[in-house]
Amino acid sequence: MKYKSVFDIIGPIMIGPSSSHTAGAARIGRVARTLFGVRPDKVVVSFYGSFAQTYRGHGTDVAIIGGILDFDTYDPRIPESIALAQQLGMDITFVEEDAIVDHPNTARIWMTDGQKEIEVVGISIGGGKIEITELNGFELKLSGMHPAILVVHNDKYGAISSVTNILAKYQINIGHMEVARKEIGKTALMVIEVDHNIEEHVMQEIQSLPNIIQVTRMVE
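Quick look at the structure, then. Bear in mind that the values here come from a model prediction, so they are computed numbers and not experimental data. (Residues numbered from 1 in each chain as written. Predicted model: local features only at pLDDT ≥ 70, side-chain atom pairs only at ≥ 80, totals over all residues. Heavy atoms only, no water.)

Right, let's get into the side chain of Thr112. Structurally, Thr112 can be placed in strand 3 (residues 105-112). Here the side chain of Thr112 touches Gly114 through a polar contact of 3.1 Å, landing on its backbone nitrogen. Setting aside chain neighbours within four positions, we find Thr112 in contact with Phe36, Pro40, Asp41, Lys42 and Glu117. (Helix = DSSP H or I, 4+ residues; strand = E, 2+ residues; numbered from the N terminus. Polar contact = N/O pair within 3.5 Å; in protein donor to acceptor, adjacent residues only side chain to side chain. Contact = heavy atoms within 4.5 Å.)

Below, the structure is given as C-alpha cells:
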C-alpha cells in the first residue's frame, strides 16, 4: 500500500484515544450531519462489531455525536459532546447490535428533525479514514475525504449523462463515481467525488435538470 502523507499512517490530528474508534467515528458522524444538512432533534446510533464492544471505553459514542454536532476530529468539545447535544434538546439513543457485519467498526446512524429523516451506515477503516457504505437503503462507497455531490434522481435514460455533461462544461474532474438503485425505473442515487469544491451556481444548474430530485454537496 502506498501512502500519500504521514497522516495516512498515524492518522489525523484528533481527540484520542483511537484513530479508528474516535477520529473515524467523528468523521462518520460529521458526514452524516453534512448529508442531513441540519442539526437533528433525535439520533439513534447502532454500533456493530468492535464498535459495539468498546465504544464507551474508546470514546466512539462522544466522537460520533461530536461529528453530528459538526465538530472536527480535533475539536476539544468532543469529550463533552453528548452533554452538549442534550443541552440543545437532542434525544440520543445508543444500540449495541450483535448482528455480524462485513466490517468490525460499523455504525448505523438514524436521524430526524421531525420533518425529514436519514439513515447512514459508515465504517472506520483505520487511520481516521472512513467509508459511507449505505444511505437511506442505497449501497454506495463515499470516503468523505474529497469534495462530492450526491444526486437523487429518477432512474431514467439520460439522467446520468446530463449531470456529467454539466461537470464537463465547467471542467470539473470526476475522481470516483457510482450509481445505485433499488428498482429499475424507480429512484436512483449518483455519488460523484470530484477534485475541487463545486460552486453553488453549478449545483443549481444540476438541480434544475429533468429527473433530478435532490442534490447534496460535500465540500472539502
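Read on for the rest.
Here we come to the sheet that holds strand 7 (residues 148-154). Strand order in the open sheet formed by four strands is 8-9-7-10, and the pairing between neighbours is antiparallel. Unpaired on one side and paired on the other, strand 8 (174-181) and strand 10 (212-218) mark the two borders of the sheet. Between one strand axis and the next, the sheet turns by 15° as a mean value, whatever way the strands run. In this sheet, strand 9 (residues 187-194) lies alongside strand 8 in antiparallel orientation, the contact comprising seven bridges. Counterpart to Ala180 in the pairing with strand 9 is Leu189. Sitting on the sheet, helix 7 (residues 200-207) is in contact with strand 7 and strand 10, with an inclination near 160° to strand 10. (Pairing = 2+ DSSP bridges. Axes fitted to C-alpha atoms, helices over the stretch in contact; angles between N-to-C directions.)

To continue, consider the pattern of salt bridges. Taken as a whole and judged by the stated rule, the model has nine salt bridges. When the shortest N-O distance is used, the salt bridge between Asp75 and Arg77 registers 2.8 Å. Given the relative accessible area of 11%, Asp75 is considered buried. Residue class for Arg77 comes out partly exposed when judged on its relative accessible area of 42%. (Salt bridge = Lys/Arg side-chain N within 4 Å of Asp/Glu carboxyl O. Buried < 20%, exposed > 50% of the residue type's maximum accessible area, 1.4 Å probe, protein only.)

Another point: the sheet that holds strand 2 (residues 91-96). The six strands are arranged 2-1-3-4-5-6 in an open sheet whose pairing can be described as mixed. If you trace the sheet from one side to the other, it starts and ends with strand 2 and strand 6 (138-142), each paired once. Ignoring strand direction, the axes of neighbouring strands in this sheet form an average angle of 20°. Sheet analysis places strand 4 (residues 117-126) next to strand 5 (residues 129-135), joined by six bridges and oriented antiparallel. Looking at the pairing, Ile123 lines up with Glu131 of strand 5.

Turning to its location among the elements, Thr216 is positioned in strand 10. If we skip the residues at most four places from it in the chain, Thr216 touches Thr34, Leu35, Ala148, Ile149, Leu150 and Met203.

Turning our attention to the layout of surface pockets. The volume enclosed by the second largest pocket comes to roughly 340 Å³. The wall of the second largest pocket is formed by 16 residues, among which Leu35, Ile118, Asn136, Gln214 and Thr216 lie closest to the centre. Counting residues per element, the ones that place at least two in the lining of the second largest pocket are helix 2 (19-36), strand 4, strand 7 and strand 10. Ranked by residues supplied to the lining of the second largest pocket, first place goes to helix 2 with three residues. Looking at side-chain class alone, the lining of the second largest pocket contains nine nonpolar, five polar and two charged residues. (1 Å grid on protein atoms, 1.4 Å probe; cavity = no way out; pocket = protein on both sides within 12 Å on 5 of 7 lines; lining within 4 Å. Points joined across faces, edges and corners; volume = space filled by probe spheres on them. Nonpolar A, V, L, I, M, F, W, Y, C, P; charged D, E, K, R; others polar.)

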